[in-house]
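Here are the chains, one letter per residue:
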Amino acid sequence: GAELQRLLRDTPVRARLGLFADVLTLAGPHRVDLRLHIPTDGTAMDGNGRIHFLGTTLGLPDAGWTFTDLHGALDFDDASLSADDIGLRFGDEALRLDVESSGGAGRGETRFRLAGRYRPETLLGEAAEGLLGTGRDALASGAADGVLTLTVPAARSGGPQYVLAF
């Protein structure tokens, strides 16, 4: 877990995770494939790689969210992150995660899209009952298919740190 968190915080991946690089927790089995290009002519070094999640747990403690049983791969390089169809669980719900960056290094944004079936309790956690009520008087119940999208802009002073949409 510590090695994987260090990879997220001490590499160009950090620029694409924004403030989440400091609050994400990762634990469990994984594998990292890393390719480095080290020029001998004085030009800048660069690299890319892939993080394979093999049943990994990802947490966002500040939000009270824990994603378990991650299976799939996240590709990264100096300018982007990308992933298609990473499987994971959020509570009892099976979800799929796609990641896409645009705009190049130091610009643009990265979108994390979680597709699946959501219940109010899944999204609101312990606050659901207080906000929505219970039983016949509940403001919302059941479940609906949806996509939760987290957009993380490249770091800019004074700009928004992220946008969350459902």
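Chains are numbered independently. Their residues run from 1 in the order of the written sequence. Where totals are concerned, whole chains, interfaces and linings use all residues; where local detail is concerned, this predicted model gives features only for residues with pLDDT of at least 70, and gives and counts side-chain atom pairs only at 80 or more. To obtain the side-chain values, all non-hydrogen atoms of the structure were used and water was disregarded.

Asks: Got a sec to walk through the overall build of the chain? Specific residues and values, please.
Replies: Assigned secondary structure in the chain consists of four helices and nine strands. Each helix is a run of H or I in the DSSP string that is no shorter than four residues. Each strand is a run of E no shorter than two, and both are numbered from the N terminus. Starting at the N terminus and ending at the C terminus, the chain contains elements arranged as α-α-β-β-β-β-β-β-β-α-α-β-β. Burial classes: relative accessible area under 20% of the type maximum marks a residue as buried, over 50% as exposed, and values in between as partly exposed (1.4 Å probe, protein chains only). The burial tally for the chain puts 33% of its 166 residues in the buried class. In what follows, residue pairs with any heavy atoms lying within 4.5 Å of each other are defined as contacts. Here the analysis covers contacts within the chain between residues at least 6 apart in sequence; of these, 44% occur between residues at least 24 apart.

Asks: I'd like a rundown of the pairing of strand β5 (residues 81-90), residues and numbers included.
Replies: Here a strand pair is declared whenever DSSP counts at least two bridges between the two strands. In this structure, strand β4 (residues 65-77) lies alongside β5, joined through five bridges in antiparallel fashion. Bridge pairing in β5 links H71 to G87. Here β4 folds back onto β5, and the loop between the two strands holds three residues. Alignment of β5 against strand β6 (residues 93-102), held across seven bridges, turns out to be antiparallel. Paired with I86 across the two strands is L97, which belongs to β6. Where β5 hands over to β6, the hairpin turn is made up of two residues, of which G91 adopts a positive phi near 65°.

Asks: How would you summarise unusual backbone geometry if you had to cite specific residues and measurements?
Replies: Even without being a glycine, D69 presents a positive backbone phi close to 55°. One can find D69 in strand β4. Judged by its relative accessible area of 37%, D69 falls in the partly exposed class. One non-glycine residue, D85, adopts positive backbone phi at about 65°.

Asks: Talk me through the packing of aromatic side chains; I want residue IDs and the actual numbers.
Replies: Pairing of aromatic rings covers Phe, Tyr and Trp, the last counted by its six-membered ring, and requires centre-to-centre distances within 6.5 Å; plane angles under 30 degrees mean stacked, over 60 mean edge-to-face, and any other angle means tilted. One pass over the full model with this rule turns up three aromatic pairs. Grouping aromatic residues by their ring pairs yields a cluster made of W65, F67 and F90.

Asks: Tell me what's going on with the pairing of β4, and back it up with residues and numbers.
Replies: Bridging between strand β3 (residues 46-60) and β4 involves 11 bridges; their strand directions are antiparallel. Note on β4: the bridge partner recorded for N48 is D77. A loop of four residues connects β3 with β4, the two strands running antiparallel in sequence, and G64 in this loop sits at a positive phi of about 75°.

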